[in-house]
Amino acid sequence: MPKLQQITILGATGTIGASTLNVISQHPNRFATYALTANNNDAALYKLCIEYKPVYAVLLDEAAAERLRLQLKAVGSSTEVMCGMSALEYVSSHPEVDAVMAAIVGAAGLIPAIAAAKAGKRILLANKETLVMAGNLFMQAVKQGGATLLPIDSEHNAIFQVMPARVDGSLIDSGIKKILLTASGGPFRKFSQSELEEVSLEQALNHPNWVMGPKITIDSATLMNKGLEVIEARWLFNAKPSEIEVVVHPQSVIHSMVEYVDGSVLAQLGNPDMRTPIAYALGYPERLQSGVGSLDLFKIGQLDFEAPDTNKFPCLRLAYEALKLGGNAAAILNAANEIAVEAFIQKTIKFTDIPRLIEFVLNKSIIKEVSDLNMLIDTDAAARDSAREWLSRA
Ligand code: NAD
Ligand code: MG
C-alpha cells in the first residue's frame, strides 16, 4: 500500500477543484486533503470542509474567513481557517504536503504556484496563467526547488503522455518535429464576423464540449484559451513558437498530438472529462481509476480537423505575437485579457472588443526582459491600468 499523500487544492471551490476532489474521494487510502482554498465563497468552502476535513482552509477574503471560522467552530470542526496570500503560500509549501493542485483562476494563482515550486512539491498545474505570466521564472523555480511539474490542462497532459519519458534540451534532439495542439474551436467556430459582433454573454458561456469556470469558458470562445495554451506549451516542453501548431478539432476527443521526425504522430484520446488528466497526474507514473467512462468510438463516428481562423479570432494571433515579443509581453497579454473578460462578463463591452482592448494594451506597453517576480507584478498592474483606460474611453 503506497503512503497516504497529503494534497493541497488551491481553488477547491472551482470546477477543477471539484473534479480533483471527485478523483481523490475514489482513492481514500491514497490521498488526504491537507488544505482547501477559495477566493471569497465561504459557504461553498464550508461544505467542502465538513465533507473532506482538511487540516487547513484558506480564503483570500478576510470577512469570508471570519465567517467560516465561526461556522466551523460552531460544529466542532478541527479545520483551522487562515486568510490571505501568505496563507496560500504556507499551505502550498508546508513540509507535510506532497502535492499541490494549482487550480486558482488567473494571475492570482502565480504566487502560491511559485511557493510550491520552490518547496519542491509535486505540482499539478491547471493554472495556465502562471506559465503565461512567468514561464521562465516559474520553470527556474521548479528546477531549483526540485519540484515535479505535471500539466493538468487536457492538451498539455495529452502531450506529456505521448512525449518520450525524458526530454532534455530542444524538441528536435528528442526526435520531435512539432506539437499539434488541438482546439475545439469554441461555440462560434462557424459564425461570420457580423454574427460575432452580436454574440451575447449567455451564448459565450455555453461551451459545446467542456464544463468549466466562466473565465476559461470565455477564453475558449475567443480562442485566447488556445493562445494561452500555446505559451503554456512553449514553457512546459521547451518548444519554439514554430514548433507548436494549433489544429481545430471540434469533437474534442483527441486532446493533442506529437509529431516525430520519422512521420509518426502520437495522440492521446478520451472523453472530455478533466478527471482523466487529474487522475493521471495524481497517480503518476501509475494509472488510477478516474470514474471517466470508456470512449465510444462508434458513437463518435468521425473526427474532423481544420485550421484556425485568426482573422475571425484575433486573440490567437495576439498570443503568438506576445510569445514572439518575449520578455513581459505575455504577462501584459494575460492582464489585458483578464480585464477584458471581466468587462465582457459585466456586459460593459462586446465580445469583439476583447481582442481590440488587448491589442491596444500590447501596443501601448513597453516590452522589457523579466528580471524578477516584483517586476512582473508591476507589469501586471500597469497593463491592467492601460486596459481600464481603454474601458473608460470605450
Ligand atoms: P473556476 O472559476 O471554476 O474556479 C476558480 C477557483 O479559484 C475557485 O475556487 C475560486 O475561489 C478561486 N479563486 C478565484 N480567484 C481567486 C483569487 N483572487 N485568489 C484566490 N483564489 C481565487 O475555474 P476553473 O475552471 O476551475 O479553472 C481553474 C484554472 O484551471 C484556470 O486557470 C483554468 O484556465 C485552468 N483550467 C481549467 C480547466 C477546466 O476544465 N475547468 C481546464 C484546463 C485548465
Ligand atoms: Mg485546455
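Residues numbered from 1 in each chain as written. Chains lettered and ligands numbered in written order. Predicted model: local features only at pLDDT ≥ 70, side-chain atom pairs only at ≥ 80, totals over all residues. Heavy atoms only, no water.

(A) Layout of the packing of helix α2 (residues 42–52) against helix α3 (residues 62–74). Contact geometry of α2 with α3 gives a least axis separation of 10 Å together with a crossing angle of 35°. Along this stretch, α2 crosses α3, giving a crossing that reads as right-handed. Contacts between α2 and α3 involve Asp42, Leu45, Tyr46, Cys49 and Ile50 on the former and, on the latter, Ala64, Arg67, Leu68, Gln71 and Leu72. Each residue belonging to the contact of α2 with α3 can be placed in one class, and the counts come to seven nonpolar, one polar and two charged. (Axes fitted to C-alpha atoms, helices over the stretch in contact; angles between N-to-C directions. Helix = DSSP H or I, 4+ residues; strand = E, 2+ residues; numbered from the N terminus. Left-handed = near helix turned anticlockwise from the far one by under 90°. Contact = heavy atoms within 4.5 Å. Nonpolar A, V, L, I, M, F, W, Y, C, P; charged D, E, K, R; others polar.)

(B) Structural detail: the sheet that holds strand β4 (residues 80–83). The strand order across the open sheet formed by seven strands is β4-β3-β2-β1-β5-β6-β7, and the pairing between neighbours is parallel. Of all strands in the sheet, those with a lone pairing partner are β4 and β7 (148–151), marking the two edges. Across the sheet, the axes of successive neighbouring strands diverge by a mean angle of 20°, strand direction being ignored. In this fold α3 packs onto β3 (56–59) and β4, with an angle of close to 175° to the strand it touches most, β4. (Pairing = 2+ DSSP bridges.)

(C) Seen up close, the nonpolar core. Within the largest apolar cluster, 90 residues are counted, with the highest numbers of intra-cluster contacts made by Ile123, Phe138, Leu333, Phe351 and Ile354. Ranked by residues supplied to this core, first place goes to helix α15 (residues 329–345) with 12 residues. In this structure, this core is formed jointly by two domains, domain 1 (5–151) and domain 2 (159–325), each of which donates at least three residues. Contacts of phenylalanine 351, omitting those with residues within four sequence positions, involve Phe188, Leu196, Val199, Ala204, Ala221, Thr222 and Phe344. Formed by 37 residues, the second largest nonpolar core is a distinct cluster that contains Ala64, Ala65, Leu68 and Ala281. (Core = buried A, V, L, I, M, F, W, Y, C linked by side-chain atoms within 4.5 Å. Buried < 20%, exposed > 50% of the residue type's maximum accessible area, 1.4 Å probe, protein only. Domains from an automatic or database assignment.)

(D) Summary view of the site of ligand 1. Taken together, 23 residues lie around ligand 1, and Thr13, Thr15, Asn39, Glu129 and Gly213 are the ones closest in. Between glutamate 129 and ligand 1, the recorded distance is 2.7 Å, taken from a side-chain N or O atom to an oxygen atom. Here ligand 1, which alone exposes 830 Å², has 89% of that area covered by the protein. Counting residues per element, the ones that place at least two in the shell around ligand 1 are α1 (15–25), α6 (128–145) and α10 (214–222). In terms of residue class, the shell around ligand 1 is built from 13 nonpolar, seven polar and three charged. Each of domain 1 (5–151) and domain 2 (159–325) gives at least three residues to the shell around ligand 1. (Near = heavy atom within 4 Å. Polar contact = N/O pair within 3.5 Å; in protein donor to acceptor, adjacent residues only side chain to side chain. Areas by Shrake-Rupley, 256 points an atom, 1.4 Å probe, with all protein chains shown as cover.)

(E) Here's a closer look at the packing of aromatic side chains. Across all of its chains, the model carries eight aromatic pairs by this definition. The interplanar angle of 65° and the centroid separation of 5.7 Å between the aromatic rings of phenylalanine 344 and phenylalanine 351 together place this pair among those described as edge-to-face. Neither phenylalanine 344 nor phenylalanine 351 differs from the other in exposure class; each is buried. One aromatic cluster is present, built from ring pairs that chain together Phe188, Phe191, Phe344 and Phe351. Its end group placed over the ring of tryptophan 235, arginine 234 keeps NZ or CZ at 3.8 Å from the ring centre. (Phe/Tyr/Trp six-rings, centres within 6.5 Å; stacked < 30°, edge-to-face > 60°. Lys NZ or Arg CZ within 6 Å of the ring centre and 35° of its normal.)

(F) Quick peek at the coordination of the magnesium ion (ligand 2). Taken together, the protein donors to the magnesium ion (ligand 2) comprise Asp153 (OD), Glu155 (OE) and Glu229 (OE), at separations of 2.1 to 2.2 Å. Along the chain, the residues donating to the magnesium ion (ligand 2) are arranged with the sequence spacing D-x1-E-x73-E. With a gap of 76 residues between them, aspartate 153 in the loop between β7 and α7 (154–162) and glutamate 229 in helix α11 (residues 224–236) connect regions that are remote in the sequence. For the pair shown, aspartate 153 and glutamate 229 are each scored as buried. (Donors = N, O, S within 2.8 Å, 3.2 Å for Na, K, Ca; no water.)

(G) Just the pattern of salt bridges, in detail. Per the stated rule, a full pass over the model turns up 26 salt bridges. A salt bridge links glutamate 229 to lysine 128; the nearest nitrogen and oxygen atoms lie 2.9 Å apart. In this pair, glutamate 229 sits in helix α11 while lysine 128 sits in helix α6, placing the two residues 101 residues apart along the sequence. Where salt bridges share partners, they join Lys128, Asp153, Glu155, Lys226 and Glu229 into one cluster. (Salt bridge = Lys/Arg side-chain N within 4 Å of Asp/Glu carboxyl O.)

(H) Spatial organisation of the environment of cysteine 315. Positionally, cysteine 315 belongs in helix α14 (residues 314–325). For cysteine 315, a relative accessible area of 1% translates into the label buried. Sequence separation of cysteine 315 and alanine 74 is 241 residues, and the distance between their C-alpha atoms is 49 Å. Once residues within four sequence positions are removed from consideration, cysteine 315 is found in contact with Thr222, Leu223, Met224, Ile354, Pro355 and Ile358.

(I) Spatial organisation of the domain arrangement of the chain. You can read the domains of the chain as domain 1 (5–151) and domain 2 (159–325). Averaged C-alpha coordinates put domain 1 and domain 2 at centres separated by 25 Å. Here domain 1 packs against domain 2, burying approximately 2400 Å² in sum over the two surfaces, 71% of which is carbon and sulfur. It is Val23, Lys128 and Pro151 in domain 1 that bury the most area against domain 2; as a group they hold 23% of the surface buried on that side. The interface formed by domain 1 and domain 2 contains three salt bridges. Here domain 1 is connected to domain 2 by 12 residue pairs in polar contact (both at pLDDT 80 or more). The set of elements that each furnish at least two residues to the side of domain 1 that touches domain 2 consists of α1, β6 (122–125), α6 and β7. Taken together, the residues of the side of domain 1 that touches domain 2 break down into 14 nonpolar, eight polar and four charged. (Buried area = accessible area lost by both parts, 1.4 Å probe.)

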